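Overview (structure and organization)
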Amino acid sequence: MSEPQDRRAAVTGIGVVAPNGTSTDTFWKATLEGLSVLDRVTREGCEHLPLKVAGEVRAFEPAATIEERFLVQTDRFTHYAMAAADFALDDARLALADIPDAPYSIGVVTAAGSGGGEFGQRELQQLWGKGSRFVGPYQSIAWFYAASTGQVSIRRGFKGPCSVVASDEAGGLDALAHAARAVRRGTDVIVAGSTEAPLAPYSMVCQLGYDELSREEDPSRAYRPFTEGACGFVPAEGGAMLVVEAAVAARERGADLRALVAGHGATFTGASRWDDSRDGLAHAVRQALQEADCAPEEIDVVFADALGVPEADRAEALALADALGAHGTRVPVTAPKTGIGRGYCAAPVLDTAAAVLAMEHGLIPPTPNVFDVCHDLDLVTGSARVAELRTALVLSRGLMGSNSALVLRAGTAL
């Protein structure tokens, strides 16, 4: 569906806290070089668990960017969100004075898969070990998956429409689509994205019920989608936040229009029903293309979901062929998350950030640790590939059955 030109949703700021970089620049440099930072889990209390490899954020000190009064009432996943939101707003050069109806025209949308497990575990241990008087008042909110939306909006004084998307790992893309639609309906700015912190003992035990989780102990072999050696996915923490705003207003205040959120589609096909995800993902791609008024052959690069489960990988490759036709086997595909892990809802938002950067630099980042591709895909491996990139497609699926697709147009098209 066409939309008024002045309400097109543009990405003007990117903020990243990831295992391979705690700034957008360091994240992009490592992603472009195809560095893999997957390693043994080092978090206290996790040593005996069968999950041995993950993507940890190790070079991040929350106290350096976040005030103590917010730190004490929030979990690690919200620390990442607040820091990433700061980075994104700085990148967008956005101040309340720049927005006519601020703070009521600035909102926040996030997605999260599990919320604040580390905080919740600590408080429950206090409850059972010492008694109820030793449980802090923030236990009631810090664990909640909506905490990041609430704390980012409170801390920054944003009073516009705020929401939380609960749609499985695909929620990261759905949050960005929700932001774009809010902008089209009249909200000036939405800070949107997802961060996760699933690497605490309680959170990790919860994940052990996923058959798709990799138990491989060798970091270089633990997450290798689209190969004969695919044995599941490796979890990760961190994430990204983006500033999404009306293109005309952003241009008027002198902001860089980095990309257009052009189209989105979402479907549901059921938990771990990977064969069914072929049709569901293809349908989501077609929806996204239709909303973006984009022909299949216009897609210049695909950032794959890349679960690392043979049935799911095959379904994704076939879905691309179904939705894009012959172009689906020729278009360059990449999955940089194989170098940092699959951060649940945060994974597709990091992919979106990488897609925007790829279009800006004309470079497709490689897929780390993957060499022997066994599907009919033009998967970029080894090193970055030079390409003229005007339109990107980002894919995401959730373990519970959600499928999502997002079409991005390069900022030069705005």
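It should be noted that the structure appears before, not after, this text.
Notes on the structure follow. Since the structure is predicted, the reported quantities are computational estimates derived from the model, not experimental observations.

**So, empty space enclosed by the protein**
- The final tally for this structure, using the stated rule, is two cavities of 30 Å³ or more.
- Estimated volume of the largest cavity: approximately 50 Å³.
- What lines the largest cavity is simply Phe-27, Thr-31, Pro-336, Lys-337, Ile-340, Ala-347, Leu-350 and Asp-351.
- When contributions to the lining of the largest cavity are tallied by element, the ones reaching two or more residues are helix H1 (24–33) and helix H12 (346–361).
- Along the lines of polarity and charge, the residues of the lining of the largest cavity split into five nonpolar, one polar and two charged.
- When its volume is computed, the second largest cavity comes out at roughly 40 Å³.
- In terms of lining residues, the second largest cavity is bounded by Glu-169, Asp-305, Lys-337, Arg-342, Tyr-344, Ala-347, Pro-348, Asp-351, Leu-395, Ser-396 and Arg-397.
- In the lining of the second largest cavity, the residues fall into four nonpolar, one polar and six charged.

**Looking at the layout of surface pockets**
- Volume-wise, the largest pocket comes out at about 540 Å³.
- Secondary-structure elements contributing two or more residues to the lining of the largest pocket are helix H4 (117–129) and helix H8 (201–207).
- In terms of residue class, the lining of the largest pocket is built from 13 nonpolar, nine polar and three charged.

**Concerning the packing of H1 against H12**
- Running from N to C, H1 and H12 point in directions that differ by 80 degrees, and their axes come no closer than 11 Å. Our classification of the angle between H1 and H12 gives roughly perpendicular. Facing Thr-24, Phe-27 and Trp-28 of H1, the residues of H12 in contact are Leu-350, Ala-353, Ala-354, Leu-357, Ala-358 and His-361.
- Across the contact of H1 with H12, the residue classes tally to seven nonpolar, two polar and no charged.

Conventions used here
Residues numbered from 1 in each chain as written. Predicted model: local features only at pLDDT ≥ 70, side-chain atom pairs only at ≥ 80, totals over all residues. Heavy atoms only, no water. 1 Å grid on protein atoms, 1.4 Å probe; cavity = no way out; pocket = protein on both sides within 12 Å on 5 of 7 lines; lining within 4 Å. Points joined across faces, edges and corners; volume = space filled by probe spheres on them. Helix = DSSP H or I, 4+ residues; strand = E, 2+ residues; numbered from the N terminus. Nonpolar A, V, L, I, M, F, W, Y, C, P; charged D, E, K, R; others polar. Axes fitted to C-alpha atoms, helices over the stretch in contact; angles between N-to-C directions. Parallel < 35°, antiparallel > 145°, perpendicular 65-115°, else oblique. Contact = heavy atoms within 4.5 Å.

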